[in-house]
Amino acid sequence: MITTAPDTNRVAAITTGLDRLRRSLHTAEDGVPHHLDEPSWEPGFVADFPQTGVGSTRMAAFDYTTAELHGREGLPDDLAMAGPVELLTAQGAQVLRTICRDLKACAVHNDYVVSHRLRNVEAVSPFVRAMVRDPAFLRNASRLVGVPLIPHPLRNAGVQINYYEPPVDGADPAVAKWHLDGMNYVFTMTLSDHTEHTGGDYLYYRGHPRDFDIHREEITAAGASHPDVHTASFQHVGDTVFTRGSRVYHAVTPVSRGDRITLAVSLFCPLLGDQDENRFWHSAPDDGLLRTLGNWRELRRAVRRPAAYCRREGIPILPLGHTA
Ligand SMILES: [Fe+2]
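Rules of the game
- Residue positions are counted from 1 within each chain, in the order its sequence is given.
- Residue-level local features of this predicted model are given only where pLDDT is at least 70; pairs of side-chain atoms are given and counted only at 80 or more, and the full residue set underlies all totals for whole chains, interfaces and linings.
- No hydrogens and no water enter the side-chain calculation; it runs on all heavy atoms of the structure.
- Each helix corresponds to a stretch of at least 4 residues labelled H or I by DSSP, and each strand to a stretch of at least 2 residues labelled E; elements are numbered beginning at the N terminus.
- The classification of residues rests on relative accessible area computed with a 1.4 Å probe and restricted to protein chains. Under 20% of the type maximum is buried, over 50% is exposed, and intermediate values are partly exposed.
- Note on contacts: a residue pair qualifies if any of its non-hydrogen atoms lie within 4.5 Å across the two residues.
- Under the convention used here, a 1.4 Å probe and the Shrake-Rupley method define accessible areas, while residue burial counts only the protein chains that appear.
- Cavity means a closed set of points on a 1 Å grid over the protein atoms alone, one where a 1.4 Å probe fits but cannot get out, pocket means an open set with protein on both sides within 12 Å along at least 5 of 7 lines, and lining means a residue has an atom within 4 Å of a point.
- Grid points are joined across faces, edges and corners, and a volume is the space filled by probe spheres set on the points.
- Note that Gly is not counted as nonpolar here; it falls among the polar residues with everything else outside the nonpolar set of Ala, Val, Leu, Ile, Met, Phe, Trp, Tyr, Cys and Pro and the charged set of Asp, Glu, Lys and Arg.
- Pairing between two strands requires that DSSP report at least two bridges joining them.
- Whenever a helix is involved, its axis is fitted only over the stretch in contact; in every case the axis is a line through C-alpha atoms, and angles between N-to-C directions fall within 0 to 180 degrees.
- Side-chain rings of Phe, Tyr and Trp, where Trp is taken by its six-membered ring, are said to pair if the distance between their centres is within 6.5 Å; with planes under 30 degrees apart they count as stacked, over 60 as edge-to-face, and otherwise as tilted.
- Definition used: whenever NZ (Lys) or CZ (Arg) falls within 6 Å of the ring centre and also within 35 degrees of the ring normal, the charge is taken to sit over that ring.
- The length a helix should cover is 1.5 Å for every residue beyond the first.
- Here, the arc refers to the directions that run from the helix axis to the C-beta atoms.

**Q** I keep staring at the overall build of the protein and nothing clicks. Help me out?
**A** From N to C terminus, the protein includes ten helices and 17 strands. Counting over 324 residues, the protein shows a buried share of 56%. Residue pairs at least 24 apart in sequence account for 85% of intrachain contacts in the protein once pairs closer than 6 positions are excluded. As presented, the protein carries roughly 14,700 Å² of accessible surface, and 54% of it is formed by carbon and sulfur atoms.

See below:
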């Protein structure tokens, strides 16, 4: 008899339908530290821009038609992926790494999308809150994508730390299941050097989600060996990859050695707020029903009146045309 060992690198896809309602009613709060003694943010931590040799892929390479693209006349918005790029200096990335390591004690396990994560990082880290409001940080992120970007009004999902480590005592390994984000503009920054871990690879499907859904079983079973599945080339602490998360299926494989930490910063385009792709029933299983209702009100207000949102939140209003 031939027996096949379980494929420890296989990553499942997220669940949908009634399972989302069940999860929405049974969601644990993320832990909030009582005291956090962390270094202060410094504007000098923002890396110089633009940088040379940054790869980029447009939506056409993912089989999207012109009619499906984000943007509008005068404001094209068709970048699919870009990077790796450095948003922080090496010193800034090291400081952020230390902060995110310290916050691990507050992270929560949840097997909906990312197994082990801390959401709403802005609420617990003044450093991160100042970083995503720094005019130079936002200007560089906006230049990379080509549209103006500011902190996302859905605060729980806006900045998240993901922790990947080998499974303990037969538990399921920490992964990110195959999924689309609600967020359009996602910057994933690795805070681990690639030599520090085995596995923990960021996979993405280079094709249309419609085709992923048709071939879901085959693609998730094959993982990185599928011809249309690629691995993002994170190497060093601070390496950052932009993904149009709501349009590109992606996943993270289990770590078998060492550990990996990533910071996912999702931003918002105030000029294209009506094209934000977050969906209530995508967020609720992560954050719970009550909190998602409150978050949703905030998102709707910001979409209707983005300038008022910026004033309320102390977000710098970048001049139009700053992306050039
Ligand atoms: Fe994601």
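**Q** Would you explain the environment of T188 in this entry?
**A** Here T188 is to be found in strand 10 (residues 185–190). Assessed through its relative accessible area of 7%, T188 is described here as buried. Sequence separation between T188 and G83 is 105 residues; the distance between their C-alpha atoms is 9.9 Å. With residues up to four places along the chain from it excluded, the contact list for T188 reads Y202, F234, D239, T240, V241, T262, L263 and A264.

**Q** When you look at the layout of surface pockets in this model, what are you seeing that I'm missing?
**A** One simple way to see leftover space: roll a probe sized like a water molecule over the atoms. Of the voids in this model, the largest pocket is the one considered here, and its volume is about 360 Å³. Taken together, 20 residues make up the lining of the largest pocket; nearest its centre are S115, D172, P173, A174 and V175. Among the residues forming the lining of the largest pocket, the class breakdown is eleven nonpolar, four polar and five charged.

**Q** Explanation requested: the environment of A93 in the structure shown.
**A** With respect to the helices, strands and loops of the structure, A93 is situated in helix 2 (residues 90–102). You can call A93 buried: its relative accessible area is 2%. Remark: the alpha-carbon pair of A93 and V46, spanning 47 residues in sequence, is separated by 9.4 Å.

**Q** Any chance you could explain unusual backbone geometry here in plain terms?
**A** A negative phi angle characterises most non-glycine residues, just as the trans form characterises most peptide bonds. The omega torsion across F49 and P50 is -10 degrees, close enough to zero to call that bond cis. With respect to the helices and strands, P50 occurs in the loop between helix 1 (18–25) and strand 1 (55–58). In the segment running from G83 into P84, the intervening peptide bond is cis, with an omega of -5 degrees. Of note, P84 is situated in strand 4 (residues 79–86). Unusually for a residue other than glycine, N120 sits at a positive phi of about 50 degrees.

**Q** Sorry if this is basic, but what is going on with the sheet that holds strand 12 (residues 202–205) here?
**A** The strands making up a sheet are joined through hydrogen bonds of the backbone, oriented either antiparallel or parallel. A sheet is described by the order of its strands in space; here four strands give the open sequence 9-15-12-13, paired in antiparallel fashion. Only two strands of the sheet have a single neighbouring strand rather than two, namely strand 9 (176–179) and strand 13 (229–231). Between one strand axis and the next, the sheet turns by 20 degrees as a mean value, whatever way the strands run. Pairing of strand 9 with strand 15 (residues 250–252) involves two bridges; the strand directions are antiparallel. Across the sheet, the residue bridging to H179 is H250, located in strand 15.

**Q** I would appreciate a short explanation of the packing of aromatic side chains in the present structure.
**A** Aromatic ring pairs are described here by two measures, namely the spacing of the ring centres and the angle between the planes. Scanning the model with the defined rule gives nine aromatic pairs in all. Plain terms: the ring middles of F45 and F127 are 5.9 Å apart, the flat faces sit at 35 degrees to each other, and that makes the pair tilted. Separated by 82 residues along the polypeptide, F45 in the loop between helix 1 and strand 1 and F127 in helix 3 (residues 126–131) bring together distant segments of the chain. Taking the centre distance of 5.3 Å and the plane angle of 50 degrees together, the rings of F187 and F242 count as tilted. You can see F187 sitting in strand 10 and its partner F242 sitting in strand 14 (residues 239–243), a full 55 residues away along the chain. A relative accessible area of 2% means that F187 is categorised as buried. Linked through ring pairs, W178, Y205, F212 and Y249 together constitute an aromatic cluster. The side chain of R260 reaches across the aromatic face of F234, ending 4.9 Å from its centre.

**Q** How do you make sense of helix 9 (residues 289–304) when you look at a structure like this?
**A** Across its 16 residues, helix 9 extends 23 Å between first and last C-alpha, which sits within 8% of the 22 Å expected from 1.5 Å per residue. Among all positions in helix 9, only T292, N295, W296, E298, L299 and A302 are buried. Projected onto a plane normal to the axis of helix 9, the buried residues spread over an arc of 170 degrees and lie on a single side. Projecting away from the buried face of helix 9 at angles above 90 degrees are the exposed residues L290, R297 and R304.

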